[in-house]
Amino acid sequence: MNAKILLRTAAGLILVHLAGHALGHSGWDHPEDPKMMEVVTVMKGYKGEFMGAAQSMADYYNGYSILIF
């Protein structure tokens, strides 16, 4: 197989991956399932201190989601 075709295929797959993460990131904290919403509420509720900053687990989850872009 030609290297140019492999690189273009890989680039296309990365773009599909990026689009999926963008869609998932935009709505992760508004689930339809009440049990999942309960988990999100707990993640947002408690803030713990880490390295001098008080952040919730939702903040870390949100940052990790952005980092994957």
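Everything quoted here is computed from the prediction, not taken from an experiment.

Novice: Account for the packing of aromatic side chains, naming residues and giving values.
Specialist: Per the stated rule, a full pass over the model turns up two aromatic pairs. Between Phe-50 and Tyr-60, the ring centres sit 6.3 Å apart and the planes meet at 85°, which makes this aromatic pair edge-to-face. With a gap of 10 residues between them, Phe-50 in strand β1 (residues 47–50) and Tyr-60 in helix α3 (residues 57–68) connect regions that are remote in the sequence. Under the relative-accessibility criterion, Tyr-60 is labelled partly exposed at 36%.

Novice: I'd like to hear about the environment of Met-37, residue by residue, with values.
Specialist: Summarising the element assignment, Met-37 is placed in helix α2 (residues 34–45). By relative accessible area, Met-37 is classed as partly exposed at 33%. If we ignore the near neighbours within four places in the chain, the residues touching Met-37 are Asp-29 and Pro-31.

Novice: Tell me about a nonpolar patch on the surface, and please be specific about residues and values.
Specialist: There is a patch of nonpolar side chains on the surface, built from Phe-50, Met-51, Met-57 and Tyr-60 and spanning about 510 Å² of accessible area. For Met-51, the location among the structural elements is in the loop between β1 and β2 (53–56). A residue is classified by how much of its surface remains accessible, and Met-51, at 76% relative accessible area, is exposed.

Novice: Residue-level account of the pattern of salt bridges, with values.
Specialist: Going through the model one piece at a time under the given rule, you end up with two salt bridges. One salt bridge in this structure joins Asp-29 and Lys-44, with 3.2 Å as the shortest N-O distance. Placement of Asp-29 in the loop between α1 (3–27) and α2 and of Lys-44 in helix α2 is noted, with a sequence separation of 15 residues between them. Asp-29 gets classed as buried once you look at its relative accessible area, which sits at 17%.

Novice: Could you give an account of the pairing of β1, with specific residues and numbers?
Specialist: Sheet analysis places β1 next to β2, joined by four bridges and oriented antiparallel. Paired with Glu-49 across the bridge in β2 is Ala-54. Once β1 ends, the chain turns through two residues before running back antiparallel as β2, passing Met-51 with a positive phi of about 55°.

So, how was this worked out
Residues numbered from 1 in each chain as written. Predicted model: local features only at pLDDT ≥ 70, side-chain atom pairs only at ≥ 80, totals over all residues. Heavy atoms only, no water. Phe/Tyr/Trp six-rings, centres within 6.5 Å; stacked < 30°, edge-to-face > 60°. Helix = DSSP H or I, 4+ residues; strand = E, 2+ residues; numbered from the N terminus. Buried < 20%, exposed > 50% of the residue type's maximum accessible area, 1.4 Å probe, protein only. Contact = heavy atoms within 4.5 Å. Patch = residues over 30% accessible without salt bridge, like charges linked within 9 Å, V, L, I, M, F, W, Y side chains within 5 Å. Areas by Shrake-Rupley, 256 points an atom, 1.4 Å probe, with all protein chains shown as cover. Salt bridge = Lys/Arg side-chain N within 4 Å of Asp/Glu carboxyl O. Pairing = 2+ DSSP bridges.

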